Number of protein chains: 2
Amino acid sequence: MLTQERMNELMPVYRDGLLCDTLPFWLDHAIDREQGGFFIALDRDGTVITTDKPMWAQGRFVWLLSTLYSTVAQKAEWLEAAKHGIDFIRSHGFDDDGRMFFTVTRHGQPLRKRRYIFTETFGMVALAAYAVASCEAQARQQAIDLFDLVARCITTPGLLEAKVYPETRQTKGLAVPMIMIASSQVLRETINAPGCDECIDRCIAEIGRDFVKPEFEAVLESVGPNGEFVDNFDGRMICPGHSIEAAWFILHESKHRHNDAHLRDLGLKILDWSWKRGWDDEYGGLLYYRDAKDLPCTEYWHEMKFWWPHNEAVIATLLAYQLTGDEKYARWHRCAHDWAYAHFPDPTYGEWFGYLRRDGKVSTRLKGNMWKGPFHLPRMQWYCWKLLEEMAGEKG
Amino acid sequence: MLTQERMNELMPVYRDGLLCDTLPFWLDHAIDREQGGFFIALDRDGTVITTDKPMWAQGRFVWLLSTLYSTVAQKAEWLEAAKHGIDFIRSHGFDDDGRMFFTVTRHGQPLRKRRYIFTETFGMVALAAYAVASCEAQARQQAIDLFDLVARCITTPGLLEAKVYPETRQTKGLAVPMIMIASSQVLRETINAPGCDECIDRCIAEIGRDFVKPEFEAVLESVGPNGEFVDNFDGRMICPGHSIEAAWFILHESKHRHNDAHLRDLGLKILDWSWKRGWDDEYGGLLYYRDAKDLPCTEYWHEMKFWWPHNEAVIATLLAYQLTGDEKYARWHRCAHDWAYAHFPDPTYGEWFGYLRRDGKVSTRLKGNMWKGPFHLPRMQWYCWKLLEEMAGEKG
């Protein structure tokens, strides 16, 4: 079980890890004082190795900085860095149609715009969290406008260009309802935007109805428009770290709704199945992809250990334990936490390595790229620190 | 050195490997007798695990079957299978604009069409090789028309939609001149299409001028329109197996042109540099990606051992040895051959595994997917068998 002693041990691991390691690493190395915005592609020691700027990470770092300012301490440095990011996003993040770019150059010229709306969702949580931190009304309105635009893109058939000929095959991804739950939770908890609860209800219902598959005891990454199982590489794909992330979004919602039992049971079911599918009994850690029918996956990195699924698993298991008191989740939390902390942290330059081989050896010394930035790790550290504080309060 | 004894040992490895293992594996499992065309996504034992049909592989298998029919034995089974593929390509491979689809469903409905012209190049070598095998004039003309269309797409600015905003950054890839060299060589050696020599000259000159970088002793995968070095993840990327493939295309051209010394030296330089960059001194085998400045790569599978770079290295080193008699290439050929044959072949169900971990352990039991099909391995087996026959003749 999660003893008081263990909780006392864990609290500083998360808190000090966040405040004395992760955050300084990015504040020291990521801020582009000449051209604005954040560098994200960093070598092990923080050296910038590619100056192109991914927009996901610009928004994510602003969300983090603003959230810490509002929930941890009103440090001027954090708010200034958040404003530094918001200024860059406002100047260089948007196309004329209101949609956002996916990557821009160091100077902010557009490189790529993608069909999906994920950049916009990170833009909107950045603006919402920044609105609270800065008390800037314009940011609040901008976040709400972006929320409306994203909702319109998602719910209007044909508005988002498809990758595959839609006359031949239509599929939809788990990532869309997931990101809408998480973003709506942020928009509700920061600026109390209208429509968040309805959006969350709709998206959780969609996941439960269309992506959760009892016949496989798994959550699929991609299904037909009405949840049809598509029996190919994409349709059989399970990403345990991703569905574990979905699980804690839903558990968070259950908690927000006074421990709503239906939501709690759905979140726990997803966590249980995904843990069983993803945990590597041979080497420990979470495998990246699995196949619903246990056929071979086609993505080359299917068996690698990425940092972020471990961040999600640490959150999900701790939250599940808080909500249920079930010893199983305390045990899983220890598994996920201990394996992650034994393998990912860089003892020399701080922060975490992102990509390990299946056996847990470091595959690349990279600290940041288009995907890995100041987000999953610090979000876990912040969320679990606050959760432990809450749990200590409950006991005390 | 490559002794007569070693050559006598190797010959049946390639020949029997091709005729008694690789080819039967695909003929037994890939042919879709109900809906036409070839299944490519196969499990270890040949079971079809995804019925979508990649067009690259349709064209590549037709090329192989037709080439074997013309150069090895006039087996009716091979020609029939080639026709089976050509019929599917003709019925379902082409869009109204003459361009080809990238993937189609089992029944041939289009799934994806890509901006690049690689599918068309595999279509064109399929048609050219089939024209010779079948003596069908229409296939010859169709191959020539496709060659013209591809050449027009490549040389007309703006005709191929760019992935990145071209106002911001323009880059070009090594893969385009490479595939044009290889395809032109096939079109010349099969149907003697007009314009092949000119295309080859232009593409080899472009590689030598724009992609070969003495300052890094490397061949880059992506450069600016005039060969400018782009100092980011993509611009620093080296794929040793890919540039080794380019090396043997150029060495093949040198041989075709009566051992043209300039081409031979260019091919050898590329081979030497790429071997040095790619060979893994720790575990053996060829690493997938390297960075020109030895910075970390961002692609997760950078250190994995894929089957096809080893196929290319076996060809390139054997051909370099034939052209130079340099013992170094005999040594490298032994390295590449022995490592590949110690790690890739599946002793139980035949053919090769495609994806190994850095240490040479099998990462997935998959035999075929959108990329791995009946091409690199049998091409190596065929090419090296024929090369050894030639070398035996030279000695005899």
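Quick summary incoming for the structure in this document. In this text the structure is predicted, and so the values were computed from the model without any measurement.

## A word on the interface of chain B and chain A
Each partner contributes residues to the interface: chain B has 44 residues there, and chain A has 44 residues. Where chain B touches chain A, the interface holds four salt bridges. A salt bridge links Arg 169 of chain A to Asp 52 of chain B; its shortest N-O distance comes to 2.8 Å. The tally of links between chain B and chain A comes to 20 residue pairs in polar contact (both at pLDDT 80 or more). Looking at the side of chain B that touches chain A, the elements that each hand over two or more residues are β2 (48–50), β5 (110–112) and α8 (233–236) of chain B. In terms of residues, the side of chain B that touches chain A owes the most to one element, β5 of chain B, which gives three residues.

## Focus: the relation of the copies chain B and chain A
At an RMSD of 0.0 Å, chain B and chain A line up after a rotation of 180° and a shift of 0.0 Å along the axis. Taken together, the rotation and translation relating the two chain copies correspond to the operation of a two-fold axis. When C-alpha distances to the rotation axis are compared across chain B, the minimum falls at Trp 301 of chain B, with a value of 3.0 Å. Looking at chain B, 100% of its interface residues are interface residues in chain A too, so the copies touch through the same face.

## Section: empty space enclosed by the protein
Here the structure, examined in full by the defined rule, presents three cavities of 30 Å³ or more. Lining the largest cavity are Phe 233, Arg 236, Met 237, Tyr 289, Arg 290, Asp 291, Pro 296, Cys 297, Thr 298 and Glu 299 of chain A. At the level of secondary structure, the elements contributing two or more residues to the lining of the largest cavity comprise α8 (233–236) and β11 (290–291) of chain A. Taken together, the residues of the lining of the largest cavity break down into five nonpolar, one polar and four charged. In this structure, the second largest cavity is lined by Phe 233, Met 237, Tyr 289, Arg 290, Asp 291, Pro 296, Cys 297, Thr 298 and Glu 299 of chain B. Across the lining of the second largest cavity, the residue classes tally to five nonpolar, one polar and three charged.

## Examining the packing of aromatic side chains
Here a ring pair, both rings aromatic, is described through the centre-centre distance and the interplanar angle of the planes. Applying the stated criterion across every chain, the model contains 67 aromatic pairs over all chains. Looking at Lys 53 of chain A, its charged tip hangs above the ring of Phe 39 of chain A, at a distance of 5.1 Å from the centre.

## A short note on the sheet that holds strand β3 (residues 53–54) of chain B
Residue and element names in this part refer to chain B. What the three strands build is an open sheet, ordered β3-β4-β5; its pairing is antiparallel. Where the open sheet ends on each side, the last strands, each with one partner, are β3 and β5. Of the pairings in the sheet, the one linking strand β4 (residues 103–104) to β5 comprises two bridges and is antiparallel in character. By the bridge assignment, Thr 103 is partnered in β5 with Arg 112.

## A look at the layout of surface pockets
By volume, the second largest pocket amounts to about 360 Å³. Taken together, 18 residues make up the lining of the second largest pocket; nearest its centre are Ser 363 and Arg 365 of chain A together with Arg 290, Pro 296 and His 302 of chain B. Looking at the lining of the second largest pocket residue by residue, the classes come out as seven nonpolar, three polar and eight charged.

## Here we look at helix α1 (residues 4–29) of chain B
Residue and element names in this part refer to chain B. Across its 26 residues, α1 extends 36 Å between first and last C-alpha, which sits within 8% of the 38 Å expected from 1.5 Å per residue. At Leu 18, α1 is bent by approximately 45°, the largest bend along its length. Inspection of α1 places Arg 6, Met 7, Leu 10, Met 11, Tyr 14, Gly 17, Leu 18, Thr 22, Leu 23, Phe 25, Trp 26 and Leu 27 among the buried residues, and these make up the whole buried set. In this fold, the buried residues of α1 make contact with β1 (41–42), α2 (55–71), α3 (76–92), α11 (307–324), α12 (327–343) and α13 (376–395).

Calculation rules
Residues numbered from 1 in each chain as written. Chains lettered and ligands numbered in written order. Predicted model: local features only at pLDDT ≥ 70, side-chain atom pairs only at ≥ 80, totals over all residues. Heavy atoms only, no water. Contact = heavy atoms within 4.5 Å. Salt bridge = Lys/Arg side-chain N within 4 Å of Asp/Glu carboxyl O. Polar contact = N/O pair within 3.5 Å; in protein donor to acceptor, adjacent residues only side chain to side chain. Helix = DSSP H or I, 4+ residues; strand = E, 2+ residues; numbered from the N terminus. Least-squares fit on C-alpha atoms with pLDDT ≥ 70 in both. 1 Å grid on protein atoms, 1.4 Å probe; cavity = no way out; pocket = protein on both sides within 12 Å on 5 of 7 lines; lining within 4 Å. Points joined across faces, edges and corners; volume = space filled by probe spheres on them. Nonpolar A, V, L, I, M, F, W, Y, C, P; charged D, E, K, R; others polar. Phe/Tyr/Trp six-rings, centres within 6.5 Å; stacked < 30°, edge-to-face > 60°. Lys NZ or Arg CZ within 6 Å of the ring centre and 35° of its normal. Pairing = 2+ DSSP bridges. Expected span 1.5 Å × (residues − 1). Bend = angle between axes of the 7 residues up to and from the residue. Buried < 20%, exposed > 50% of the residue type's maximum accessible area, 1.4 Å probe, protein only.

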